[in-house]
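Summary of structural features
Spelled out, the chains give:
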Amino acid sequence: MSARKIYDDQLLRAINDWQAGSIDKVKKAGVLRDAAQAHTTQYFRACAKECYRVLDLSQKDVFTLFKKGRLPEAISSWTVDLSVAEKFRNGIAGKQGFPVIITRRPSPEEIVLNLDRLHGSKRFQRSIGQSAANLKYLKKWMNSQREVILAVNQFTLQEDIQSWGGRIGSEDQLKLAARETDVPEKDIAKLPELLQAKGIQAGDQWWLSRSGAAKVIIRVLERAHKAGLFER
């Protein structure tokens, strides 16, 4: 391609359609892969950074992950910015199940398109401005997600977990849980001051560090094996 030539609308439309949502994801992924191969150089299909992806796992997913040590993946959007993953779709508060961030330093064959790099291209920005195509979603997101699109077959429990999302219940939920485990009422009455002394607020949410996430995995596996959960 000439240095002055703008990018083909086929590529711009493929990116826009990909960012429009997950409906027909497999079809969109195929179109995007073909467009990326046809209209970008290898530089925009490479990534030297760690990539992150946030998932909202069901209870069944978590059980399978701990029992088998892996879960299947597919072509998906990742980010090179951990803070983007942590805040994605309202962070932990926006998750109904078990929030987890997975991490990966992708191999060359796993990289479909590095949008983070592409957005840094002046020619790409000029192409967006000059295109007559409907690029509503491409223009909406631009590079706010620091996105890299990867084709990953699976992720593993032992190697790919960056962080688990943690939640502390409301004060009423904590008191109820304490009563269900027969904690004396005089101790339950001290709950607010105990939380304050530890710098914890009821309802807090946080992402564990990678080392903290690894410790959680070890504890859960130990307890599960002692209970014989994976032998059934």
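This text goes with the structure placed above it.
Criteria and cut-off values
Residues numbered from 1 in each chain as written. Predicted model: local features only at pLDDT ≥ 70, side-chain atom pairs only at ≥ 80, totals over all residues. Heavy atoms only, no water. Helix = DSSP H or I, 4+ residues; strand = E, 2+ residues; numbered from the N terminus. Expected span 1.5 Å × (residues − 1). Buried < 20%, exposed > 50% of the residue type's maximum accessible area, 1.4 Å probe, protein only. Contact = heavy atoms within 4.5 Å. Phe/Tyr/Trp six-rings, centres within 6.5 Å; stacked < 30°, edge-to-face > 60°. Lys NZ or Arg CZ within 6 Å of the ring centre and 35° of its normal. Lys, Arg positive; Asp, Glu negative; His and termini not counted. Salt bridge = Lys/Arg side-chain N within 4 Å of Asp/Glu carboxyl O. 1 Å grid on protein atoms, 1.4 Å probe; cavity = no way out; pocket = protein on both sides within 12 Å on 5 of 7 lines; lining within 4 Å. Points joined across faces, edges and corners; volume = space filled by probe spheres on them. Nonpolar A, V, L, I, M, F, W, Y, C, P; charged D, E, K, R; others polar.

1. Some remarks on helix H11 (residues 210-227)
Residue pairs spaced three or four apart in an α-helix point in one direction, given the helix's 3.6 residues per turn. Taking 1.5 Å of rise per residue, 18 residues should cover 26 Å, and H11 covers 26 Å from first to last C-alpha, within 8% of that figure. Taken as a whole, H11 has its buried residues at Gly 212, Ala 213, Val 216, Ile 217, Leu 221 and Ala 224. Residues of H11 that are buried sit in contact with helix H3 (59-68) and strand S8 (161-167). Of the residues trailing H11, Gly 228 is marked for its positive phi of about 70°.

2. Here's the deal with the packing of aromatic side chains
A complete count under the given rule lists four aromatic pairs for this structure. Centroid distance Phe 66 to Trp 164: 5.9 Å. Interplanar angle 20°. Geometry classified as stacked. Highlighted residues: Phe 66 in helix H3 and Trp 164 in strand S8, separated in sequence by 98 residues. One cation-aromatic arrangement involves Arg 117 over Tyr 43; the distance from NZ or CZ to the ring centre is 4.2 Å. The positively charged end of Arg 123 is found above the aromatic ring belonging to Tyr 7, 4.5 Å away from the centroid.

3. Focus: the side chain of Lys 95
By the secondary structure assignment, Lys 95 is in the loop between helix H4 (82-87) and strand S4 (98-104). Among buried charged residues, Lys 95 stands out as having no salt bridge; its nearest opposite-charge side chain is Asp 56, 6.5 Å away. With near-sequence residues (within four places) excluded, Lys 95 lies in contact with Val 54, Asp 56, Phe 88, Arg 89 and Arg 167.

4. Here we look at the layout of surface pockets
Of the volumes computed, that of the largest pocket is approximately 810 Å³. Taken together, 25 residues make up the lining of the largest pocket; nearest its centre are Arg 53, Ser 77, Phe 88, Arg 89 and Glu 147. Within the residue set of the lining of the largest pocket, elements represented by two or more residues are strand S1 (51-57), strand S3 (75-79), H4 and helix H7 (136-141). It is S1 that provides the largest number of residues to the lining of the largest pocket, a total of five residues. Residue composition of the lining of the largest pocket, grouped by class: eleven nonpolar, seven polar and seven charged. As a volume, the second largest pocket reaches approximately 320 Å³.

By themselves, these are just geometric observations and shouldn't be taken as functional.
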